[in-house]
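Observations on the model geometry
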Amino acid sequence: MTKRILVGLGGTPFTVVAVKRAVELAQAHDAHLTGVTIVDLDRLQKVGPVPLGGAAYAKRMAQQRIEVTRERVEEAVAAFEVACAKGSVKYIVERETGNPFDLMISHARYHDLTIFGLKSLFDYGITAEPKDSLIRLVSQGVRPILAVSPQFRTIRKALVAFSGSMESAKAMRRFVQMRLWPDVHIDIVNFSTDTAQGKDLLVAAAEYCRAHGYETETRMVDEDPDAGILAHARQTDSDIIVMGNSVRSLMFRKILGSTALATIQNADRPLFLAQ
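Remember, it's a predicted structure, so these values are computed and weren't measured experimentally.

Time to look at helix 9 (residues 225-235). For helix 9, the set of buried residues is Gly 228, Ile 229, Leu 230, His 232 and Ala 233. Downstream of helix 9 by a residue or two, Asp 237 has a phi angle that is positive, lying close to 55 degrees.

As structure tokens, this is what we get:
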């Protein structure tokens, strides 16, 4: 069951899609929404090397950046409140005052799903170190995450990137059990050159999804998943990509995992990230 949804309000074009998606799911599942503002004031206040006599100008520019960002975030909050009211969805708004993700991480403990434009971390400079922020979100337990795309898509078909790893299996199970879109068609894809093992994995994964009432098909793709996942999603017109990640990779290698990171940075459709 999905009864509490967390929504990141960063004041970027992705926020518009995140709000629309959150309201859609809240209406479908009778869920409560929590909107959390995301503003990195420390980053906005920082000033780089300043030439002699330019301190006052640099300070004014920093203040202008802060004011513009705050205006955009407040516009996002207002749009969120209007959308919830029109959709008869219960909601609250929490405004971040410190680190841009502290409040989101704290609230994620008591929510079933977090919706946010992860790609906006890279495209709009919400934080100075987008990879570190992404790692922090996932490693601190903010999952599952529904990372919205630049445009809203009706979810009819899901591509599940399934390697057979525990992480990919957990992501698939979480997506299936949450039943965010009960009528979605599931396409399970194994990107591997080991045809025999891949087919066995796909058979077992498909049986699981079908046991939960989903129409399911499977595919073997002999291609590097870093580029293959998005290419296959476009080729099959999949509306969402389901994939897992590894906390061990996050904590000890300090990367999200090349496939997940490449997909997040280049995605043109929503991602369901879990582990």
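Across its 17 residues, helix 8 (residues 195-211) extends 24 Å between first and last C-alpha, which sits within 8% of the 24 Å expected from 1.5 Å per residue. Inspection of helix 8 places Gly 198, Leu 202, Ala 205, Ala 206 and Cys 209 among the buried residues, and these make up the whole buried set. Taken end-on, helix 8 shows its buried residues confined to a sector of 105 degrees, consistent with a single buried face. The exposed set on the far side of helix 8, more than 90 degrees from its buried face, consists of Ala 196, Asp 200, Glu 207 and Ala 211. Residues of helix 8 that are buried make contact with helix 7 (166-178), strand 7 (185-191) and strand 8 (216-221). Gly 213 lies just past helix 8 and shows a positive phi near 90 degrees.

In this section: the side chain of Ser 168. Here Ser 168 lies in helix 7. Judged by its relative accessible area of 4%, Ser 168 is buried. Other than its neighbours up to four places away in sequence, Ser 168 contacts Ala 161, Phe 162, Ser 163 and Gly 244.

Residue alternation in strand 4 (residues 113-116) divides its side chains into two sets, Leu 113 and Ile 115 and Thr 114 and Phe 116, and both sets are buried. Pairing between strand 1 (residues 4-9) and strand 4: 3 bridges, direction parallel. Bridging from a neighbouring strand, Ile 5 pairs with Leu 113 of strand 4. As judged from the 3 bridges shared by strand 4 and strand 5 (residues 145-147), these two strands associate in the parallel manner. For Phe 116, the partnering residue across the bridge sits in strand 5 and is Ala 147.

Quick look at the pattern of salt bridges now. One side chain can pair with another of opposite charge once the charged atoms of both are near each other. Counted by the stated rule, this structure contains 8 salt bridges. Between Arg 95 and Glu 74 there is a salt bridge, and its shortest N-O distance comes to 2.9 Å. In this pair, Arg 95 is assigned in the loop between strand 3 (91-94) and helix 4 (102-108) and Glu 74 in helix 3 (residues 55-86), connecting sequence segments 21 residues apart. Its relative accessible area of 43% is what places Arg 95 among the partly exposed residues. The exposure class of Glu 74 is partly exposed, given its relative accessible area of 38%.

Attention now goes to the packing of aromatic side chains. This structure, assessed with the given rule, holds 3 aromatic pairs. Seen from their ring centres, Phe 80 and Tyr 91 are 5.6 Å apart, and the 85 degrees between their planes marks the pair as edge-to-face. Of this pair, Phe 80 sits in helix 3 while Tyr 91 sits in strand 3, placing them 11 residues apart in sequence. The buried category is assigned to Phe 80, whose relative accessible area is 0%. Ring centres of Phe 175 and Trp 181 lie 6.3 Å apart, and the angle between their planes is 35 degrees; this geometry places the pair in the tilted category.

Judged by how many residues are buried, strand 7 sits mostly within the fold: 7 of 7 residues are covered. Residues His 185, Asp 187, Val 189 and Phe 191 point to one face of strand 7 and Ile 186, Ile 188 and Asn 190 to the other, with burial holding for every one of them. Between the parallel elements strand 6 (residues 157-161) and strand 7, the chain passes through helix 7 in a crossover that is right-handed. As paired elements, strand 7 and strand 8 share 6 bridges and run parallel to each other. Looking at the pairing, Ile 188 lines up with Thr 218 of strand 8. With helix 8 bridging strand 7 and the parallel strand 8, this β-α-β connection has right-handed handedness.

Rules used throughout
Going along each chain's sequence as written, the residues are numbered from 1 onward. With pLDDT at 70 or above as the cut-off, local features in this predicted model cover only qualifying residues; side-chain atom pairs require 80 or more to be listed or tallied, and sums for whole chains, interfaces and linings still use all residues. The basis for the side-chain values is all heavy atoms of the structure; hydrogens and waters are excluded. Three labels apply to residues, based on accessible area from a 1.4 Å probe with only protein chains included: buried if under 20% of the type maximum, exposed if over 50%, partly exposed otherwise in between. Comment: elements are numbered from the N terminus, with helices defined as DSSP H or I runs of at least four residues and strands as E runs of at least two. Multiplying one less than the number of residues by 1.5 Å gives the expected span of a helix. What the arc describes is the spread of directions from the helix axis to the C-beta atoms. Only heavy atoms enter the contact rule, under which two residues are in contact if any of them lie within 4.5 Å. Think of it this way: DSSP has to see at least two bridges between two strands before they count as a pair. The working definition used for a salt bridge is a side-chain nitrogen of Lys or Arg within 4 Å of a carboxyl oxygen of Asp or Glu. Geometry of aromatic contacts follows a simple scheme: Phe, Tyr and Trp rings, the Trp one being its six-membered ring, pair when their centres are within 6.5 Å, and the pair is stacked under 30 degrees between planes, edge-to-face over 60, tilted otherwise. Here a crossover is taken to be right-handed if, once the strands point away from the viewer, the path from the first strand over the helix to the second is traced clockwise.

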